[in-house]
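Reading the structure
Listed below, chain by chain, are the residues.
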Amino acid sequence: MLEQLLIFTRGGLILWTCKEIGNALRGSPIDTLIRSCLLEERSGAASYNYDAPGASYTLKWTFHNELGLVFVAVYQRILHLLYVDDLLAMVKREFSEIYDPKRTSYSDFDDIFQQLKKEAEARAEEMKKSKQVGKPVNNNLVKKQGQVMKGSMDGSNKKNSGGDSENGGGDGENLKGHLLENGNFNKNHVINRELPRMVNSNGKENGSSNVGAFDVNKLQKIRGKGGKKTDATVNKGSKVEPKKKVVKKNRVWDDSPIEPKLDFTDPVSENGEENIAIVAADQGESMMDKEEIMSSESESEEEDIGKNGKVETKKKGWFSSMFQSIAGKSNLEKADLKPALKALKDRLMTKNVAEEIAEKLCESVAASLEGKKLASFTRISSTVQAAMEEALVRILTPRRSIDILRDVHAAQEQGKPYVAVFVGVNGVGKSTNLAKVAYWLQQHKIKVMMAACDTFRSGAVEQLRTHARRLQIPIFEKGYEKDPAIVAKEAIQEASRNGSDVVLVDTAGRMQDNEPLMRALSKLIYVNSPDLILFVGEALVGNDAVDQLSKFNQKLADLSPSPNPRLIDGILLTKFDTIDDKVGAALSMVYISGAPVMFVGCGQSYTDLKKLNVKSIVKTLLK
Amino acid sequence: MDKEKIEELKIQMHKRLNEAQEFIQQVPPIQLYAAIGVVLFTTFLFTIIRLFKRKSANTVVLTGLSGSGKTVLFYQLRDGSPHQGTVTSMEPNEGTFVLHSETTKKGKVKPVHLVDFPGHSRLRTKLDDFLPQAAAIIFVVDAVEFLPNCRAASEFLYDILTKANVVKKKIPLLLLCNKVDKITAHTKDFIRKQLEKEIEKLRASRTALSSADIANEYTLGIPGEAFAFSQCHNKVTIAEASGLTGDISQLEQFIREHVKP
Ligand SMILES: Nc1nc2c(ncn2[C@@H]2O[C@H](COP(=O)(O)OP(=O)(O)OP(=O)(O)O)[C@@H](O)[C@H]2O)c(=O)[nH]1
Ligand SMILES: [Mg+2]
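Here is what the cut-offs are and how they apply
- Residues numbered from 1 in each chain as written.
- Chains lettered and ligands numbered in written order.
- Predicted model: local features only at pLDDT ≥ 70, side-chain atom pairs only at ≥ 80, totals over all residues.
- Heavy atoms only, no water.
- UniProt positions renumbered as here; feature names shortened; annotations may be inferred.
- Helix = DSSP H or I, 4+ residues; strand = E, 2+ residues; numbered from the N terminus.
- Buried < 20%, exposed > 50% of the residue type's maximum accessible area, 1.4 Å probe, protein only.
- Contact = heavy atoms within 4.5 Å.
- Buried area = accessible area lost by both parts, 1.4 Å probe.
- Salt bridge = Lys/Arg side-chain N within 4 Å of Asp/Glu carboxyl O.
- Polar contact = N/O pair within 3.5 Å; in protein donor to acceptor, adjacent residues only side chain to side chain.
- Pairing = 2+ DSSP bridges.
- Axes fitted to C-alpha atoms, helices over the stretch in contact; angles between N-to-C directions.
- Phe/Tyr/Trp six-rings, centres within 6.5 Å; stacked < 30°, edge-to-face > 60°.
- Lys NZ or Arg CZ within 6 Å of the ring centre and 35° of its normal.
- Donors = N, O, S within 2.8 Å, 3.2 Å for Na, K, Ca; no water.
- Near = heavy atom within 4 Å.
- Nonpolar A, V, L, I, M, F, W, Y, C, P; charged D, E, K, R; others polar.

- By the naming in an unreviewed UniProt entry, chain B goes by Signal recognition particle receptor subunit beta and is assigned to Olea europaea subsp. europaea.
- UniProt, in its Sequence similarities (unreviewed entry) section for chain B, records the words "Belongs to the SRP receptor beta subunit family."
- In its Subcellular location (unreviewed entry) section, the UniProt entry covering chain B states "Endoplasmic reticulum membrane".

- As annotated in an unreviewed UniProt entry, chain A carries the name Signal recognition particle receptor subunit alpha-like and is attributed to Olea europaea subsp. europaea.

Now the structure itself:
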């Protein structure tokens, strides 16, 4: 049975609900749907699962964009109601006939609805009879995901398409067409879940482009025997190196990639430690605290975007499209939007946005524009672009405050250290950026302590120790082969003893598929319940970003002994200075995890840590 | 590519111009003057209307965290009823109307342009489009579920109170403690004190970090003194209301103070 059907405006006023069904819904499925699906640019999905204590609902929805109406149906997930899409479409059609923006009560719709529901049920029944093959089975895979994200998009499996050959009468066929269309739509989402693996190879190639930095660094090693002494000078020139792309090389993940300056991976460096100058607090102000001068150039950029958009529309139809835009076209249809969306998707992908994400975004934008009237004097392409721009700004705007200093102060008041765990795959610059964050915190008169919990990779502890010496920050270490969870625990205890405000926990890099290591990480998090789980990711990754983040979250959830597992809270994007305009990883990562980008690492010195500038990212993405 | 197009356009313009000149020479001068007169007159009218509109600032913006009851208040003010309830807003509600309680009043009442801006944080950047035109801002706080949301609310309020165009124009702000129909609702004094305390803490962390994006253009309060709303550049007042039961007289009074009838 249908649990509820609601019609409301995008402004949030309920216009009509089915009083006859009248079951009180448990929890607040509708608000959750809006907050974590429709407003998160996931409205292109086919359905949404909501779990409350004692109930698990599936929600389906459709928009009437011209009138600004939303239609939502709620039903028990176990029921697999077949007629919901059909019913929603009919309700939408009938309701838009009687809708009047001035009216707020539609009790006369009750009867119409009953009629529509009966019809829809009858059709579904007929269809069921005509093919006995089987009910569509809801995707089981989704269930797990549902636990992770509270609710999740899912596509009902299209198992019933096997029974196509034995079809019934006209009506049934009609409905099937509708369902099939829906099935295609669904497929996207089913595939999504398995897709990352296939994409992997691609992503790896991306990842390996920093081999360039690696090689150059080797050269430097050969050149200057003292190694670390040359550091300061190397740094100046280092901006140029990473762009050089070396022909693909086999990358050994456990071999740490060496970055020119801030990297002290090499255990040898211990010998030369006396050479290391103590930086303390004289490297200058961290870039986190510097205003970016962006606004002045941004205006001219805006014009550029406009021009670009113009060029894209076909030259030939210039006058006709002009005329069309003056006259104002009738409602936008999916087909009208397609070319513009395709162009936009391609553009996003050239900026290194993961394909899956670009696709979903376009679906969501399409869902928000379909059926809308084109305003006069506008072109479809610019309308689509504007909608996409808004969507991008929304996604990249943090859902909650990312004021870490405030969080640290709050922890201070409670008299316990603020614990941040840095996690990520191998070689993305976890330790280096941990040191940058430490430096930034230190500048704000916060007592920092580092905890070397990478007890797996040789050299990792020494690397961190070197950073600690340079910054004159205490470090807690217990050597190798220890359980990192225990090391972290002891570190936190030590921190409360010596009055440190913040503990930054370095962990071993691990591939998202490495089950034992992921288990160890989820144990570390469970045992220590940190205040912040920061995912460190390379800005260079393309499609692999999706796989990394979704798997990390998935594994953290699945392997945790806790019923309410912690997930990634924020993202630190590294190597941002090496990617030019290919800023797509920022978008991919934020979209897939819902976590904000809290820091951006953009260079080789301790001061090279920034905040994400949403406006400039969006501009770059759409350029 | 663009240049070619512009060239093409130029040539066409020239042609049209020539045609127009020929046409003008054919038309008797009196008609011509009349036409010019009409054109001038209409532009004059338009500018007048524009100026008039800009002067009469009557925009009032309802803002606050999601779930604080803004949409209910919006419909209470407009229709005197919350209708069948609300769900989370995805888009602002806007309307220019005479307040429902004043529809029975005699004489001319100036309509209010009310904007109910959704509280979802992803939409927050768009709030900047509305704030500069506002004659008054109403920051709605859920007095029942206040404590769990206290920090988020303070951060939001802090951002509003430090926005350049809010501070410069000294837009008055009303802190509206909503849902006081519930017995578990906190008092407005308690809420004010908590918010002041939170903002005091934010002052320490925010001035330390200024980012490119969330640039707080102005600092709040007086250095060396504990923060109080009375130190704000804007006039901040506090009131109570219940959107659900329609107990909104203090709110209406505030609106009328700043949108003169
Ligand atoms: N008890 C009580 N509940 C209220 C009152 N005002 C609103 N509510 C309830 O609070 C919930 C949220 O109200 P909305 O008006 O939708 O909240 P909003 O501020 O518009 O939220 P967003 O649109 O998400 O920003 C609804 O369930 C209302 O019934 C009130 O005065 N008293
Ligand atoms: Mg609302």
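**Points about unusual backbone geometry**
Residue and element names in this part refer to chain A.
- Phi angles above zero are rare outside glycine, and H80 is one such case at about 45°.
- By the element assignment, H80 lies in the loop between β5 (69–76) and α2 (84–98).
- Positive phi is not limited to glycine here, since N352 has a value of about 80°.
- For N352, a relative accessible area of 14% translates into the label buried.

**Thoughts on the interface of chain B and chain A**
- Facing the 44 residues of chain B at the interface are 57 residues of chain A.
- In total, chain B and chain A occlude about 4300 Å² of area from one another, counting both sides; carbon and sulfur atoms represent 53% of this.
- If you sort the residues of chain B by the area they bury against chain A, Q84, M90 and R122 of chain B come out on top, with a joint share of 20%.
- Between R10 of chain A and E91 of chain B there is a salt bridge, and its shortest N-O distance comes to 2.6 Å.
- Here chain B and chain A share 20 residue pairs in polar contact (both at pLDDT 80 or more) between them.
- Put simply, the parts of the chain that give the side of chain B that touches chain A at least two residues each are α1 (2–26), α3 (70–79), α4 (146–161) and α6 (188–208) of chain B.
- Among the elements that make up the side of chain B that touches chain A, the one with the highest residue count is α6 of chain B (seven residues).

**Notes on the sheet that holds strand β3 (residues 112–116) of chain B**
Residues and elements named next belong to chain B.
- As summarised here, the arrangement of the six strands in space is β2-β3-β1-β4-β5-β6, forming an open sheet in which the pairing is mixed. Each end of this open sheet is capped by a strand with a single partner; those strands are β2 (93–97) and β6 (236–240). Adjacent strand axes in the sheet meet at a mean angle of 20° when their direction is disregarded.
- As defined by bridge partners, strand β4 (residues 134–142) adjoins strand β5 (residues 173–178) across six bridges and the pair is classed as parallel. Among the inter-strand pairings, V141 is bridged to a residue of β5, identified as C177.
- The strands touched by α4 within the sheet are β1 (59–64), β4, β5 and β6, with β4 carrying the most contacts at an inclination of about 165°.

**Quick look at the packing of aromatic side chains**
- Under the defined criterion, the tally for this structure stands at 16 aromatic pairs over all chains.
- Seen in terms of ring centroids, W440 of chain A and F599 of chain A are 5.5 Å apart; in terms of plane orientation they differ by 75°. Their pairing is edge-to-face. Pair noted here: W440 of chain A is in helix α14 (residues 430–443) and F599 of chain A is in strand β13 (residues 597–601), with a separation of 159 residues, a long-range link.
- Residue F599 of chain A is classed as buried on the basis of its relative accessible area, which comes to 2%.
- A ring pair is formed by F74 of chain B and Y75 of chain B, whose centres lie 5.1 Å apart and whose planes are at 80°; its orientation type is edge-to-face. Per residue, the accessibility class of F74 of chain B equals that of Y75 of chain B, and both read buried.
- Among the aromatic side chains, those forming a connected cluster through ring pairs are W16, F71, F95, Y99, Y106, F109 and F113 of chain A.
- Above the face of the F63 of chain A ring, R10 of chain A is positioned so that its terminal group lies 5.3 Å from the ring centre.
- Against the face of F156 of chain B rests R124 of chain B, its NZ or CZ located 3.7 Å from the ring centre.

**Remarks on the environment of S431 of chain A**
Residue and element names in this part refer to chain A.
- Its place among the elements puts S431 in helix α14.
- The class for S431 is buried, based on a relative accessible area of 6%.
- Distance from S431 to A508, taken between C-alpha atoms, is 9.4 Å for residues 77 residues apart in sequence.
- Excluding residues that lie within four positions of it along the chain, S431 makes contacts with Q463, L464, H467 and D506.
- A polar side-chain atom of S431 sits 3.0 Å from a polar atom in the side chain of D506.

**Examining the UniProt feature "domain: SRP54-type proteins GTP-binding" (unreviewed entry) in chain A**
- In the numbering used here, UniProt assigns the "domain: SRP54-type proteins GTP-binding" (unreviewed entry) feature to residues 596–609 of chain A.
- Within the segment residues 596–609 of chain A, helix and strand shares are 0% and 43% respectively, and the terminal C-alpha atoms sit 15 Å apart.

**Some details on the side chain of S121 of chain B**
- Along the chain, S121 of chain B falls in the loop between β3 and β4.
- Within polar-contact distance, the side chain of S121 of chain B engages the backbone oxygen of R399 of chain A at 2.5 Å.
- Residues within four places of S121 of chain B in sequence aside, it is in contact with T397, P398, R399 and R400 of chain A.

**Brief notes about the coordination of the magnesium ion (ligand 2)**
Residue and element names in this part refer to chain B.
- At this site the magnesium ion (ligand 2) is bound by T71 (OG1) and S89 (OG), with donor distances of 1.8 to 2.0 Å. Of this pair, T71 sits in helix α3 while S89 sits in the loop between α3 and β2, and the two are 18 residues apart along the sequence. For the pair T71 and S89, one class covers both residues: buried.

**Some words on the site of ligand 1**
All names here are of chain B.
- Inspection of the region around ligand 1 gives 21 residues, with S66, K70, T71, T86 and G119 positioned closest.
- With respect to ligand 1, the side chain of K70 contributes an N or O atom lying 2.7 Å from an oxygen atom.
- Broken down by element, the residue count for the shell around ligand 1 peaks at three residues, all from α3.
- Per-class residue counts for the shell around ligand 1 are five nonpolar, twelve polar and four charged.

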